[in-house]
Amino acid sequence: MNILVVNPPNKPFTNETILAEPLDVLQIATVIKERFENVKVIDMDVNRMKNNINEYLGSNNVIVFVYDYQLPLHTSATIDNIFEIIKNLNRKSKVIMIGKTSTYSYSKFLENGVDIVIKGIAEELINEVIENAFNKSKLNLIPNIVYKDEDKVVITKQVFMPNNYNKLPMINRDFVDISKYMETRTIITSRGCIGGCKFCTTPYYFRKWCGKSATEVVDEIQMIIKEYNAKQIIFLDDNSTVDKKRMMRICKLIKSRKIKCLFGALCSIKCYDAEMLKEMYSVGFRWIHFGLESGSLKVLKFMNKEMDIKRVKEIIKEVKMMEYRVRTSFILDYPGTTANDLKKTRKLIKEIQPHELRLHYLAYRFGTPVYEENGNIVNKTQYIHGNKPNIENKDLEHQIELLLKDLKKMNYDIITDNVDWMKYNNQDKNIKLAAFVPIKYGMCWYE
C-alpha cells in the first residue's frame, strides 16, 4: 500500500518568507510510519504544486489530507484545492481527511470525493483506518469516523478520545526538506488548553492541556539544533507555560546540557509568572506572545476571556523590562464590540506599546461557540488571516482608522498585505510592527 500524507497547497500559496514546517502533518506521518513502511509526505504548499499528485500514486493508494488540524496555516479556500486534487486522481485511491473543518462539516467532504473523515483527535485511530480503508465491513467497528457506504452516510460510535499528546513519538522532520522553510525552526511541546475562549477551537477539539515531559522537549530541541543547525526555535504550543514546574525543568535541562539557541513562545497572561519568565530568559528565550484580544472588559467577557486590564498593563511592562521582544494580538470586530470598546482597545495599545501587534478580524471557526451563537452573520470566514471586518459598521471602521493613526504616531510599521519579511531580520530589536497579516517568527531576536 502506498501511503501519502498531504499538506495541501494554500490558496493563495503561503508567503515564502513565513513558511514553517507543517508539524501536524509530520506528526501524523510519524505515527503512520510506526506501522507502515511506504509513507511519504507531500507538502504541496512549500513546493508550489498545482492540484495534481498523480506522479506520486502507486497501484493502491491511501491519501491522508491534514487540513486545519493543529496549526491554522491555510485559508478556507484551500478546501477547493483539496477537492480538485481528489477529482484529478487517476489511480485506485482511498482518501482520508483529518482536521477541525472536516470534523464539523464532514458532509461537504464526503460529497466531494473524501472516503473517510476522522472526527477529532486522529493519531490513535489513523493506522487502524488506513489498514481497513479498502474494507468497509470493518470500518464500522472503528469509532469516531464518518464514511459513505453506497449513498448512505455511516457515522460510527462516538467515543471520548483523550488528548494523549505526551504519548506521541518525536516528530520525524526528515519527511521534508527543511531547507525549504523559514530559518526559525518550530516545535510543539503541548496540546490543548486550560481556557475556554469562545473564538478558539482548541479547548473544544483537543480539550484538556497535555504536555510532553521536559526531558522529551529538550531531547527534541537538541536534535533540531544538531540535525538542522537551528539558531532560533519557537514553541508553537497554544500555551507553552501552563505548567510552571515543567517549564522550569526545561530551562534547567537547557542549562545543564549547555544548549545555545534563541527561543520564542506563545503564552497566556493567566499563566504569567515572573520567576518563570526570568528563568526562561536566562536560557535564551527572547520573544513572547500574549493573546490579549481586547481592551474592553465587556468584550473579554463575551469572549469568555476575562482578564484584569490593570494587571495586563503591569505584566507587559514587566516582560518588556526583562528585555523580551513582546507580541500581542487583538480581535477588532468581535460580536458585540462597540466604538467605545475599540476606544478602550486603542487606549490599552497606547499604554503597553508591544514590539509587535497582530491585528485580527474574527475568524468564525467551525466548532467554536462564537460560530454557533452568530447564525445571522452572512459571510462567516474561517480564515484566521482575513483582512476585512465581517460586518459593515461605520463607527467601528472609524475607530480602526483612528487606531491606524495612533500607530503611525507611535512609529509602528503598519503592514496590511504580504511583504518580504526578510528585510526585517537585521533591524533594531525595538522596531515596532503592526500587522493585519501573519508576522514572520524570529525577527529581531537578539542576545
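Residues numbered from 1 in each chain as written. Predicted model: local features only at pLDDT ≥ 70, side-chain atom pairs only at ≥ 80, totals over all residues. Heavy atoms only, no water.

A. View of the pairing of strand E7 (residues 152-155). Where strand E6 (residues 145-149) meets E7, four bridges bridge the pair, whose relative direction is antiparallel. Bridge pairing in E7 places Lys148 opposite Val153. Between the antiparallel neighbours E6 and E7 lie two residues, among them Glu150 with a positive phi of about 60°. (Pairing = 2+ DSSP bridges. Helix = DSSP H or I, 4+ residues; strand = E, 2+ residues; numbered from the N terminus.)

B. Region of interest: the sheet that holds strand E15 (residues 356-360). If you walk across this open sheet you meet the eight strands as E8-E11-E12-E13-E14-E15-E17-E16, and the pairing is parallel. Each having just a single partner strand, strand E8 (185-187) and strand E16 (412-415) make up the two edges of the open sheet. Ignoring which end each strand starts from, the neighbouring axes of this sheet average 20° apart. Here E8 pairs with strand E11 (residues 232-235) via three bridges, running parallel. Paired with Ile187 across the strands is Phe235, a residue of E11. The sheet contacts of helix H8 (residues 214-228) involve E8, E11 and strand E12 (262-267), and relative to E8 the element is tilted by about 160°. (Axes fitted to C-alpha atoms, helices over the stretch in contact; angles between N-to-C directions. Contact = heavy atoms within 4.5 Å.)

C. Highlighting the side chain of Asp341. Structurally, Asp341 can be placed in helix H13 (residues 339-352). The class for Asp341 is buried, based on a relative accessible area of 3%. A polar side-chain atom of Asp341 sits 2.8 Å from a polar atom in the side chain of Lys298. Every residue in contact with Asp341, bar those within four places of it in the chain, is listed here: Ser296, Lys298, Val299 and Gly336. (Buried < 20%, exposed > 50% of the residue type's maximum accessible area, 1.4 Å probe, protein only. Polar contact = N/O pair within 3.5 Å; in protein donor to acceptor, adjacent residues only side chain to side chain.)

D. A look at the sheet that holds strand E2 (residues 39-43). Sheet architecture is open: seven strands sit in the order E2-E1-E3-E4-E5-E6-E7, paired in mixed fashion. Strands with a single pairing partner mark the edges of an open sheet, and in this sheet they are E2 and E7. With strand direction ignored, the average angle separating the axes of adjacent strands in the sheet is 20°. Sheet topology places strand E1 (residues 2-7) next to E2; five bridges connect them, and they run parallel. Within E2, the residue paired with Leu4 across the bridge is Lys40. Sheet contacts for helix H1 (residues 23-33): E1, E2, strand E3 (61-66) and strand E4 (93-98); angle to E1, the most-contacted strand, approximately 165°.

E. Spotlight on the packing of aromatic side chains. A full pass over the atoms with the stated rule returns 15 aromatic pairs. With a centroid separation of 6.4 Å and 80° between ring planes, the pair formed by Phe199 and Tyr334 is classed as edge-to-face. Residue Phe199 is located in the loop between strand E9 (190-191) and helix H7 (202-205), and its partner Tyr334 is located in the loop between strand E14 (325-331) and H13; the two are separated by 135 residues in the primary sequence. Exposure class is identical for Phe199 and Tyr334. Each is buried. With a centroid separation of 5.0 Å and an interplanar angle of 55°, the aromatic rings of Phe366 and Tyr371 are classed as tilted. The structure contains a cluster of three or more aromatic residues connected by ring pairs, namely Tyr69, Tyr104, Tyr205 and Phe206. Sitting over the ring of Tyr205, Lys100 keeps its end group 5.4 Å from the ring centre. Just above the ring of Tyr281 sits the side chain of Arg286; from NZ or CZ to the centre is 3.7 Å. (Phe/Tyr/Trp six-rings, centres within 6.5 Å; stacked < 30°, edge-to-face > 60°. Lys NZ or Arg CZ within 6 Å of the ring centre and 35° of its normal.)

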